[in-house]
Amino acid sequence: MRRSRARQRQRECVFARTTDWCTNERARTQMARVVIWMTAIKTHVVDLTLCVGPSMMPTFNPSGDVVLVERLSAVKGRTPRRGDVVLATSPTNPTQLVFKRAVGLGGDVIDVPYSYGRNFKLRTRRVSVPPGSVWLQGDNPLNSTDSRDYGPVPEDMILGRAWVRVWPPRAFGTVENSMGVVELVRAGA
């Protein structure tokens, strides 16, 4: 009997120590501050995002790469540079995010490839990007839903720039800036 009471007290003491932070006002305040700071950093500075799908091959692995996204420039309203891989809200489904390459900025005139016919022969067409918009395109032109399907995307839909690929470890490094198969005919203002 004596042993069971001692064990009962010991269990109560351990439980009291683990829940003590809940009753301690200072600990709750510190925890709230940490959560607020983490949320602010994730929303406005940098974020880890999973990029899955074939549209950005060969830049990203279709089975998934974890990418560090720099969000500060989008929060400050800076336009991405030509060739940057950006994270944007999908124009066709606002609940989804997409990684695409910004190949044309407002005022640019570009030649973009598109597939023609059942043989998927690539042809080009000339496109003018309106001011305040960005032309987004996947690196895999035969398997990407992008601005060739839904047109130019408002700059407000850009959420950040793909900065560093952190997973898988063998592919760790910065995300390259390139124009791929798109040709810039005339740069905007």
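If you're wondering where the values come from, they're calculated on a predicted model, not measured in any experiment.

(A) The arrangement of the overall build of the protein in detail. Along its length, the protein carries 4 helices and 11 strands. Of all 189 residues assigned to the protein, the portion counted as buried reaches 34%. The contacts of the protein with a sequence gap of at least 6 include a subset with a gap of at least 24, amounting to 57%. Summed over all atoms, the accessible surface of the protein reaches about 12,200 Å², with 55% contributed by carbon and sulfur.

(B) Broad picture of the nonpolar core. Core analysis: the largest hydrophobic core is formed by 10 residues, namely Cys51, Met56, Phe60, Val67, Val69, Val85, Leu87, Phe99, Ala162 and Val175. Within the residue set of this core, elements represented by two or more residues are strand 2 (65-70) and strand 3 (85-89). What valine 175 contacts, discounting residues up to four positions off in sequence, is Thr59, Phe60, Val67, Val85, Ala162, Trp163, Val164 and Arg165. Judged by nonpolar contacts, the second largest core, of 9 residues, contains Leu105, Val134, Leu136 and Val153.

(C) Layout of the pattern of salt bridges. Throughout the structure, instances matching the rule amount to 7 salt bridges. Residue arginine 81 is joined to aspartate 84 by a salt bridge in which the shortest nitrogen-to-oxygen separation is 3.3 Å. A salt bridge links arginine 126 to aspartate 111, with the nearest nitrogen and oxygen atoms 2.9 Å apart. Here arginine 126 is found in strand 6 (residues 121-128), whereas its partner aspartate 111 is found in strand 5 (residues 109-116), with 15 residues between them in sequence.

(D) Spotlight on the layout of surface pockets. Counted as a void, the largest pocket has a volume near 310 Å³. Surrounding the largest pocket, 17 residues form its lining, Val52, Leu97, Val98, Phe99 and Lys100 being those nearest its centre. For the lining of the largest pocket, the elements supplying multiple residues, two or more each, are strand 1 (46-51) and strand 4 (97-105). Partitioned by chemical class, the residues of the lining of the largest pocket number 9 nonpolar, 7 polar and 1 charged. Roughly 160 Å³ of internal volume is contained in the second largest pocket. Ser73, Thr79, Pro80, Asp84 and Arg161 are, among the 12 residues lining the second largest pocket, the residues nearest its centre.

Calculation rules
- Residues numbered from 1 in each chain as written.
- Predicted model: local features only at pLDDT ≥ 70, side-chain atom pairs only at ≥ 80, totals over all residues.
- Heavy atoms only, no water.
- Helix = DSSP H or I, 4+ residues; strand = E, 2+ residues; numbered from the N terminus.
- Buried < 20%, exposed > 50% of the residue type's maximum accessible area, 1.4 Å probe, protein only.
- Contact = heavy atoms within 4.5 Å.
- Areas by Shrake-Rupley, 256 points an atom, 1.4 Å probe, with all protein chains shown as cover.
- Core = buried A, V, L, I, M, F, W, Y, C linked by side-chain atoms within 4.5 Å.
- Salt bridge = Lys/Arg side-chain N within 4 Å of Asp/Glu carboxyl O.
- 1 Å grid on protein atoms, 1.4 Å probe; cavity = no way out; pocket = protein on both sides within 12 Å on 5 of 7 lines; lining within 4 Å.
- Points joined across faces, edges and corners; volume = space filled by probe spheres on them.
- Nonpolar A, V, L, I, M, F, W, Y, C, P; charged D, E, K, R; others polar.

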